[in-house]
Amino acid sequence: NAGVMQNPRHLVRRRGQEARLRCSPMKGHSHVYWYRQLPEEGLKFMVYLQKENIIDESGMPKERFSAEFPKEGPSILRIQQVVRGDSAAYFCASSPQVGDFYNEQFFGPGTRLTVL
Amino acid sequence: TQLLEQSPQFLSIQEGENLTVYCNSSSVFSSLQWYRQEPGEGPVLLVTVVTGGEVKKLKRLTFQFGDARKDSSLHITAAQPGDTGLYLCAGRSYSGAGSYQLTFGKGTKLSVIP
């Protein structure tokens with residue numbers, strides 16, 4: 001079974017460009033979570049999505065950031081007009097269902113975004 | 001805002017020694033998870049503890065959830081170089097925005113010297 005897949009693994013952008021990060025959840029998982037990890041910081045929750053729905057985006061900056069999880073295809077985290085402070089590792093996690101009390105999330109390898 | 005404080009932040013020990021890592025909060029969590037993260041990779045789930053006072057063992061690793069479900073500890077017996085990595089604790093709680101969220105600590109970076 002393939003795990004959570006993220007691409008690209010490394011992404012370099014200049015200030016003002018757009019960054020698109022992709023996440024394919026584990027087979028059978030319909031819930032996707034995005035986290036950001038800054039150097040020497042813990043993972044910070046950004047957004048939780050189900051297919052075609054944003055359930056909780058309370059951790060995502062109001063401007064420049066957006067996320068989607070279409071009916072077909074991977075989940076996309078989009079950052080417009082990137083700034084140096086956006087440089088971080090972005091992790092995607094997936095889980096099979098919300099009703100499970102444990103809500104175990106399985107993480108992808110991450111995308112390392114560097115803004116020049 | 002819920003916070004999870006992990007201590008120590010860094011730990012360097014000799015192979016064969018025992019160690020304990022702590023995860024503390026003033027908030028109550030419905031469950032708590034421990035992850036291990038290798039450089040350049042995503043976190044890998046080690047264990048989930050749910051009940052106050054619960055103890056779980058995974059080979060040489062012992063995890064304990066505090067009675068009040070606000071804190072947890074990870075104890076490693078006879079540490080091996082393969083235990084080297086970043087250990088993260090994460091508490092699960094209702095966000096108030098329609099979902100349960102995981103709040104992560106900053107982690108303990110463990111280095112086991114052969």
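All of these numbers come straight from a predicted model, not from anything done at the bench.

Cut-offs and rules
Residues numbered from 1 in each chain as written. Chains lettered and ligands numbered in written order. Predicted model: local features only at pLDDT ≥ 70, side-chain atom pairs only at ≥ 80, totals over all residues. Heavy atoms only, no water. Core = buried A, V, L, I, M, F, W, Y, C linked by side-chain atoms within 4.5 Å. Buried < 20%, exposed > 50% of the residue type's maximum accessible area, 1.4 Å probe, protein only. Helix = DSSP H or I, 4+ residues; strand = E, 2+ residues; numbered from the N terminus. Contact = heavy atoms within 4.5 Å. Pairing = 2+ DSSP bridges. Axes fitted to C-alpha atoms, helices over the stretch in contact; angles between N-to-C directions. Buried area = accessible area lost by both parts, 1.4 Å probe. Salt bridge = Lys/Arg side-chain N within 4 Å of Asp/Glu carboxyl O. Polar contact = N/O pair within 3.5 Å; in protein donor to acceptor, adjacent residues only side chain to side chain. Phe/Tyr/Trp six-rings, centres within 6.5 Å; stacked < 30°, edge-to-face > 60°.

1. Let's talk about the nonpolar core
Consideration 1: By size, the foremost hydrophobic cluster in this structure holds 22 residues, and its most contacted members are Trp 34, Met 46, Leu 77 and Tyr 90 of chain A.
Consideration 2: Counting residues per element, the ones that place at least two in this core are β3 (19-24), β4 (31-37), β5 (43-50), β7 (65-68), β8 (75-79), β9 (88-95) and β11 (111-115) of chain A.
Consideration 3: Among residues more than four places away in sequence, those in contact with Tyr 90 of chain A are Gln 6, Leu 21, Tyr 35, Arg 36, Met 46, Phe 65, Leu 77, Ile 79, Gly 110, Thr 111 and Leu 113 of chain A.
Consideration 4: Residues Leu 4, Leu 11, Leu 19 and Val 112 of chain B belong to the second largest nonpolar core, which totals 21 residues.

2. Examining the sheet that holds strand β3 (residues 19-24) of chain B
All names here are of chain B.
Consideration 1: With antiparallel pairing, five strands are arranged side by side in an open sheet as β1-β3-β8-β7-β6. Edge positions in the open sheet fall to β1 (5-7) and β6 (55-58), since each of these has one partner strand only. This sheet shows a mean twist of 15° between the axes of neighbouring strands, independent of strand direction.

3. What to know about the interface of chain B and chain A
Consideration 1: Taken residue by residue, the interface counts 26 residues in chain B and 24 residues in chain A.
Consideration 2: Across the interface of chain B and chain A, roughly 2,000 Å² is buried in total on both sides, 50% from carbon and sulfur atoms.
Consideration 3: Area buried by chain B at its contact with chain A is led by Arg 92, Phe 104 and Lys 106 of chain B, which between them contribute 23% of it.
Consideration 4: Summed over the shared surface of chain B and chain A, the result is two salt bridges.
Consideration 5: With its nearest N and O atoms 3.7 Å apart, the salt bridge here joins Lys 106 of chain B to Glu 41 of chain A.
Consideration 6: The tally of links between chain B and chain A comes to five residue pairs in polar contact (both at pLDDT 80 or more).
Consideration 7: Looking at the side of chain B that touches chain A, the elements with two or more residues in it are β4 (31-37), β5 (44-49), β9 (85-94) and β10 (100-104) of chain B.

4. Quick word on the side chain of Ser 31 of chain B
Consideration 1: Among the structural elements, Ser 31 of chain B can be located in strand β4.
Consideration 2: Among all residues touching Ser 31 of chain B, those that are not within four sequence positions of it are Thr 48, Val 49, Val 50, Phe 65, Ala 90, Gly 91 and Arg 92 of chain B.

5. Concerning the packing of aromatic side chains
Consideration 1: Counted under the stated rule, the structure contains eight aromatic pairs over all chains.
Consideration 2: Ring geometry for Phe 107 of chain A versus Tyr 35 of chain B: centroids 5.5 Å apart, planes at 90°, classification edge-to-face. Taken as a pair, Phe 107 of chain A in strand β10 (residues 106-107) and Tyr 35 of chain B in strand β4 lie in two separate chains rather than in one.
Consideration 3: With relative accessibility at 11%, the residue Phe 107 of chain A sits in the buried group.
Consideration 4: When the ring of Trp 34 of chain B is compared with that of Phe 63 of chain B, the centres are 6.4 Å apart and the planes differ by 50°; the resulting orientation is tilted. One end of the pair, Trp 34 of chain B, is in strand β4; the other, Phe 63 of chain B, is in strand β7 (residues 61-65), with 29 residues separating them in the sequence.
Consideration 5: An aromatic cluster is present here, built from Tyr 35, Phe 45 and Phe 107 of chain A together with Tyr 35 and Phe 104 of chain B joined pairwise through their rings.

Taken by themselves, the reported measurements are silent on function.
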